[in-house]
Amino acid sequence: MCLGIPSKIVSVDEIHQTGQADHLGTRVMVNLALLDEARVGEWVIIHAGFAISKLNDQEAKETLDLLRQIAAHE
Amino acid sequence: MNKKGAAAGPGPYRDKKTIAALLRVVEERRRAAGGPSCRIMEVCGTHTMTIHRYGLKKMLQDVGVGLVAGPGCPVCITPNDIHEAAIRLVTERENLLLAAFGDMTRVPTKIGSLQKSAAARGSRIQIVYSPAESLESARRNPDKEVVFFGAGFETTVPAIALTAAKALEDGIVNYSVLSAFWVIPPPLRAILESGRSRIDGFLYPGHVSAIIGPQAYDFVAEEFRRPGAIAGFEPADILLAIISILEQIAAGRPRVANEYTRVVSPDGNPTARAVLDRILEPKDAVWRGLGRISKSGLAFRPAFAAADAEKKFGLKLGSTDTELPGCRCGDVLKGLIEPPQCRLYGRVCTPEKPHGPCMVSFEGSCLAFHKYGTPS
Ligand code: SF4
């Protein structure tokens with residue numbers, strides 16, 4: 001099951017490539033070995049306990065702007 | 001809304017007014033695309049859930065866009081011989097712990113389901129959320145064989161492969177993986193080549209694409225001239241992707257659009273792909289309903305054979321005639337029928353008493369129809 005809602009990294013253990021993330025207010029363990037690098041404060045998509053992708057803030061903002069434009073225009 | 005929420009919260013993606021506005025755009029673009037209707041395959045099981053949960057299927061049908069589910073549920077497309085092998089492991093071998101994602105334990109086979117099987121002495125089933133938990137169990141139970149029944153697409157497989165490699169690295173010899181590893185592009189080719197199901201475009205999976213990248217589907221646009229778009233999991237994401245597909249049809253220029261740029265980078269996730277490539281190699285594999293498809297599965301490379309449960313326990317896999325009579329999951333997965341067209345749907349086969357995997361899995365099409373009462 002893919003959860004589309006991103007989680008925020010709250011701690012990173014660089015030696016073990018693991019960390020903790022906040023997912024909708026719940027602390028979850030996350031394995032970070034599938035990302036190049038991960039920093040505290042970044043938003044990631046977690047799948048089966050592994051972070052598989054980072055959320056791109058700029059792109060997220062653009063999509064939201066587009067949605068708002070469409071909603072306003074109609 | 002605060003800054004964090006703006007990036008993460010689903011709010012605007014589900015907002016009713018936004019959805020209504022997007023639907024009007026869909027309707028307009030649908031007309032511009034010409035023809036009486038258009039049929040789009042959603043490849044990912046989680047998309048199927050979003051589509052039914054928010055009633056998008058009906059709304060889109062009303063504006064001439066038909067959606068058909070594809071082979072995007074790993075629990076569903078894993079053929080029964082692998083499920084049966086998992087059941088045999090835990091019922092015939094003593095002191096074996098079989099770990100699996102929850103859905104996998106409820107799939108009915110000719111010899112029952114994992115969940116309802118009587119485990120051998122000292123053996124049991126453990127439901128896990130992450131493969132990492134199964135490795136932890138192996139560390140804590142050195143006297144037991146721990147087998148992780150790992151099924152998944154490119155999204156899940158890197159996590160499982162990495163866990164298996166970690167077990168070998170750490171010298172944990174009582175750990176192995178019964179693999180049902182699938183890759184998404186080959187079945188799309190198989191479906192298009194068979195030509196049995198009319199498909200005018202594809203909604204590509206969000207998180208598989210986060211790993212493999214948009215270029216993995218280039219052949220669909222180039223060889224088969226079908227448009228497509230990668231979509232996220234919110235209703236607005238799906239509609240944005242459908243708008244892109246309709247625009248491609250209208251322009252006569254099929255491509256692979258990315259409407260989930262906040263998560264899917266133009267190159268996917270090369271780190272995860274390198275993990276896959278280091279540990280696994282392509283193999284021909286049998287999909288439920290679709291049969292054997294060239295290079296559609298992944299197997300452990302020889303260096304990782306010690307973590308391969310198939311080798312470790314001498315399992316014989318690959319037979320194709322183990323489906324339960326009457327279940328038409330295979331046809332559902334190919335987009336040939338919709339679940340209500342199965343004779344058993346809703347009567348013999350319900351979420352409480354599923355007769356096939358498509359009614360078991362949270363990503364299964366039959367469950368999505370049933371749960372949200374979608375008409376055919
Ligand atoms: S309704 Fe049940 S029996 Fe029919 S195809 Fe779906 S899972 Fe199989």
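Check the entry above for the structure.
Residues numbered from 1 in each chain as written. Chains lettered and ligands numbered in written order. Predicted model: local features only at pLDDT ≥ 70, side-chain atom pairs only at ≥ 80, totals over all residues. Heavy atoms only, no water.

A.B. asks: Hey, could you run me through the sheet that holds strand β2 (residues 65–69) of chain B in this one?
C.D. replies: Residue and element names in this part refer to chain B. Reading across from one edge, β2-β1-β7-β8-β9 is the order of the five strands in this open sheet, with parallel pairing throughout. Of all strands in the sheet, those with a lone pairing partner are β2 and β9 (256–258), marking the two edges. This sheet shows a mean twist of 25° between the axes of neighbouring strands, independent of strand direction. Bridge count for strand β7 (residues 201–204) against strand β8 (residues 228–230) is three bridges, and the pairing is parallel. From the neighbouring strand, L203 faces β8, where its bridge partner is A229. (Pairing = 2+ DSSP bridges. Helix = DSSP H or I, 4+ residues; strand = E, 2+ residues; numbered from the N terminus. Axes fitted to C-alpha atoms, helices over the stretch in contact; angles between N-to-C directions.)

A.B. asks: What am I meant to see in the site of the ligand here?
C.D. replies: Within the structure, the ligand sits among B:C327, B:R328, B:C329, B:C342, B:L344, B:Y345, B:C349, B:H355, B:G356, B:M359 and B:C366. Taken together, the residues of the shell around the ligand break down into eight nonpolar, two polar and one charged. (Near = heavy atom within 4 Å. Nonpolar A, V, L, I, M, F, W, Y, C, P; charged D, E, K, R; others polar.)

A.B. asks: Could you clarify how one ought to interpret the interface of chain A and chain B in this entry?
C.D. replies: Where interface size is given, it is often the accessible area lost as the parts come together that is meant. Contacts between chain A and chain B engage 34 residues on the former and 42 residues on the latter. When chain A packs against chain B, close to 3,300 Å² is buried across both sides, 68% of that on carbon and sulfur atoms. On inspection of chain A and its partner chain B, the count reaches zero salt bridges. Taken together, the connections running from chain A to chain B amount to eight residue pairs in polar contact (both at pLDDT 80 or more). At the level of secondary structure, the elements contributing two or more residues to the side of chain A that touches chain B comprise β4 (43–47), β5 (50–54) and α1 (57–73) of chain A. Its residues placed into classes, the side of chain A that touches chain B shows 21 nonpolar, six polar and seven charged. (Contact = heavy atoms within 4.5 Å. Buried area = accessible area lost by both parts, 1.4 Å probe. Salt bridge = Lys/Arg side-chain N within 4 Å of Asp/Glu carboxyl O. Polar contact = N/O pair within 3.5 Å; in protein donor to acceptor, adjacent residues only side chain to side chain.)

A.B. asks: Honestly, the packing of aromatic side chains in this entry has me stumped. Any pointers?
C.D. replies: The description of an aromatic ring pair uses the distance of the two centres, along with the angle that the planes make with each other. All names here are of chain B. By the definition in use, this model includes eight aromatic pairs over all chains. Relative to Y204, the ring of F202 lies with its centre 6.0 Å away and its plane at 15°, an arrangement referred to as stacked. Y204 shares its class with F202; the two are buried. Arranged with centres 5.9 Å apart and planes meeting at 90°, the rings of F233 and Y260 form a pair that is edge-to-face. Here Y260 lies in the loop between β9 and α14 (270–279) and F233 lies in the loop between β8 and α13 (235–251), a separation of 27 residues in the sequence. Owing to a relative accessible area of 6%, F233 belongs among the buried residues under this scheme. Each residue in the set F153, W182 and W287 is aromatic and connected to the rest through ring pairs, giving one cluster. (Phe/Tyr/Trp six-rings, centres within 6.5 Å; stacked < 30°, edge-to-face > 60°. Buried < 20%, exposed > 50% of the residue type's maximum accessible area, 1.4 Å probe, protein only.)

A.B. asks: Whenever I open this one, the packing of α1(A) against helix α3 (residues 16–33) of chain B confuses me. Can you help?
C.D. replies: Packed helices, taken two at a time, are described by the angle between their axes plus the distance between the axes. In contact at an axis separation of 8 Å, α1(A) and α3(B) are set at 80° when each is read in the N-to-C sense. Relative to α3(B), the element α1(A) is oriented roughly perpendicular. Taking contact as the criterion, the partners of A:L67, A:I70 and A:A71 in α1(A) are, on α3(B), B:K17, B:T18, B:A21, B:L22 and B:V25. Along the lines of polarity and charge, the residues of the contact of α1(A) with α3(B) split into six nonpolar, one polar and one charged. (Parallel < 35°, antiparallel > 145°, perpendicular 65-115°, else oblique.)

A.B. asks: Where do I start with the environment of B:L344 in this structure?
C.D. replies: Residues and elements named next belong to chain B. Mapped onto the fold, L344 is located in the loop between α16 (329–333) and α17 (365–372). The spacing of L344 and P354 is ten residues in sequence and 9.7 Å in space, taken between C-alpha atoms. Once residues lying within four places of it in the same chain are set aside, the contact partners of L344 are P325, G326, C327, C349 and H355.

A.B. asks: Would you explain the packing of helix α9 (residues 157–169) of chain B against α14(B) in this entry?
C.D. replies: All names here are of chain B. Interhelical geometry of α9 versus α14 gives an angle of 50° and a closest axis separation of 9 Å. By the criterion of interaxial angle, the relationship of α9 to α14 is oblique. The way α9 lies across α14 gives a crossing that is left-handed. Within the contact between the two elements, α9 uses V157, P158, A161, L162 and A165 and α14 uses A272, V275, L276, R278 and I279. Residues belonging to the contact of α9 with α14 are distributed by class as follows: nine nonpolar, no polar and one charged. (Left-handed = near helix turned anticlockwise from the far one by under 90°.)

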